[in-house]
Amino acid sequence: MNEFITKEIMAIIPTYMPNRGNCTIIYTDEENIILDLKVKTIIKKLCAHYHLDIRASNKYFGELISVKNGVPLPLTRDKILIQLKVREPIGHCDGSMGYFNLDSIKKIQGLKKDTSIILKNGTEIQCMYTQANIKKHIKNGELVRNLYDNRIYTINEAIERYEATDTPATKSDIARIYMKIQEIADKIS
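Nothing here was measured: the structure is a model prediction, and the numbers come from that model.

*Asks:* Can you help me understand the pairing of strand E5 (residues 79–85) in this one?
*Replies:* It is a general feature of regular strands that their side chains alternate between the two faces of the sheet. Burial runs high along E5: six of the seven residues are buried. The sheet contact formed by strand E4 (residues 73–76) and E5 spans three bridges and is antiparallel. When the bridges of E5 are listed, Thr-76 appears paired with Lys-79. With antiparallel pairing between neighbouring strands as the criterion, E4 and E5 make up a hairpin whose turn holds two residues. Two elements, E5 and strand E6 (residues 97–101), share five bridges in a ladder whose sense is antiparallel. Of the residues in E6, the one forming a bridge with Leu-84 is Gly-98.

*Asks:* It is not clear to me how unusual backbone geometry should be interpreted in this structure. Could you clarify?
*Replies:* What you tend to see is this: most non-glycine residues have negative phi, and most peptide bonds are trans. The backbone phi angle of Asn-19 is positive, close to 65°, even though this residue is not glycine. Within the element layout of this structure, Asn-19 appears in the loop between strand E1 (9–17) and strand E2 (21–28). Taking the relative accessible area as the measure of exposure, Asn-19 reaches 85% and is therefore exposed.

*Asks:* Explain the confidence of the model for the protein chain here, please?
*Replies:* A low pLDDT means the predicted coordinates there should not be read in detail. Chain-level statistics for the protein chain give a pLDDT mean of 84 and a share of 87% at 70 or above. Across the protein chain, element-level confidence peaks in E6 with a mean pLDDT of 95 and bottoms out in helix H1 (residues 2–5) with 68. Low pLDDT, under 50, characterises residues 153–157; the stretch is placed with one contact to residues that sit more than four places away or in other chains.

*Asks:* I keep staring at the nonpolar core and nothing clicks. Help me out?
*Replies:* Taken as a class, soluble globular proteins show a tendency for nonpolar side chains to be buried jointly. In this structure, Tyr-27, Leu-84, Phe-100, Ile-117, Leu-119 and Ile-125 are the most contacted members of the largest nonpolar core, which totals 25 residues. When residues of this core are traced back to their parent elements, those giving at least two are E1, E2, helix H3 (54–65), E5, strand E7 (105–109), strand E8 (115–119), strand E9 (124–127) and helix H4 (131–165). The contact partners of Leu-84, leaving out residues within four places of it in the chain, are Ser-96, Met-97, Gly-98, Phe-100, Ile-117, Cys-127, Tyr-129, Ile-134 and His-137. The next biggest cluster of nonpolar side chains, apart from the first, holds 18 residues, and it includes Phe-4, Leu-35, Tyr-50 and Tyr-99.

*Asks:* Before we go on, may I ask you to explain helix H2 (residues 39–49) in this structure?
*Replies:* What H2 keeps buried is the set Val-39, Ile-42, Ile-43, Leu-46 and Cys-47. The arc that holds the buried residues of H2, viewed along the axis, is 135°, so those residues lie on one side. Opposite its buried face, H2 presents the exposed residues Lys-40, Lys-44 and Ala-48, each directed more than 90 degrees away. In the stretch just after H2, His-51 is the one whose phi turns positive, near 55°.

*Asks:* Is there a simple way to explain the pattern of salt bridges in this structure?
*Replies:* Taken as a whole, this structure holds seven salt bridges when the rule is applied. Across the pair Arg-77 and Asp-78 runs a salt bridge, and its minimum N-O distance is 3.6 Å. The class for Asp-78 is partly exposed, based on a relative accessible area of 35%.

*Asks:* How should I be thinking about helix H5 (residues 171–188) in this particular structure?
*Replies:* The α-helix winds at 3.6 residues per turn, so residues separated by three or four positions along the chain end up facing the same way. Helix length check: H5 (18 residues) gives 26 Å between terminal C-alpha atoms against 26 Å at 1.5 Å per residue, within 8%. Among all positions of H5, only Asp-173, Gln-182 and Glu-183 are buried.

*Asks:* Sorry, what's going on with the sheet that holds E7 here?
*Replies:* Whenever strands of a sheet pair, they do so through backbone hydrogen bonds, lying parallel or antiparallel. Strand order across the open sheet formed by three strands is E7-E8-E9, with antiparallel pairing between neighbours. In this open sheet, the two strands that pair with only one neighbour each are E7 and E9. This sheet shows a mean twist of 25° between the axes of neighbouring strands, independent of strand direction. Inspection of the sheet shows E7 paired to E8 by four bridges, in the antiparallel sense. Of the residues in E8, the one forming a bridge with Lys-107 is Ile-118.

Cut-off values and rules
- Residues numbered from 1 in each chain as written.
- Predicted model: local features only at pLDDT ≥ 70, side-chain atom pairs only at ≥ 80, totals over all residues.
- Heavy atoms only, no water.
- Buried < 20%, exposed > 50% of the residue type's maximum accessible area, 1.4 Å probe, protein only.
- Helix = DSSP H or I, 4+ residues; strand = E, 2+ residues; numbered from the N terminus.
- Pairing = 2+ DSSP bridges.
- pLDDT = per-residue confidence, 0-100.
- Contact = heavy atoms within 4.5 Å.
- Core = buried A, V, L, I, M, F, W, Y, C linked by side-chain atoms within 4.5 Å.
- Arc of directions from axis to C-beta.
- Salt bridge = Lys/Arg side-chain N within 4 Å of Asp/Glu carboxyl O.
- Expected span 1.5 Å × (residues − 1).
- Axes fitted to C-alpha atoms, helices over the stretch in contact; angles between N-to-C directions.

Written out as structure tokens, the structure reads:
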């Protein structure tokens, strides 16, 4: 798993490979990595690495931006993943959604269905949404980024409260501090 965690992930796309079945292509700034895992499994592993509860994140940010499906996934402030449909499912339990790093999208080509996303490294990925729909998902990703910043501000407020009142820390306070330390460590390495 470390083969892609340490790289700058640009997109995570489901694909079907002959003689292998459902696989995932992870586009990074350096290379493309093909894994014999479903996108859902990769996302779960990323969330575990970043100590993110995906259900809680979807519920929290989904309510804030009034979205039930396709809620952007904030791994960190600089790693917001948006979901876009990239293929028709072939069979039962086939994933059709790809995840795109918000900061890796260079431009969108096309107006109707089968629009292309151009990544910053020049890779072109077909998407089954209209340009307007993709822009809506990008806008939702930006909203989540701004709300993520507010959440960090709330953590800073909590620290000030403990300094002023000298009350004991709760498990959630310790978890937030751990997440912040992990985020700083990721930026350093």
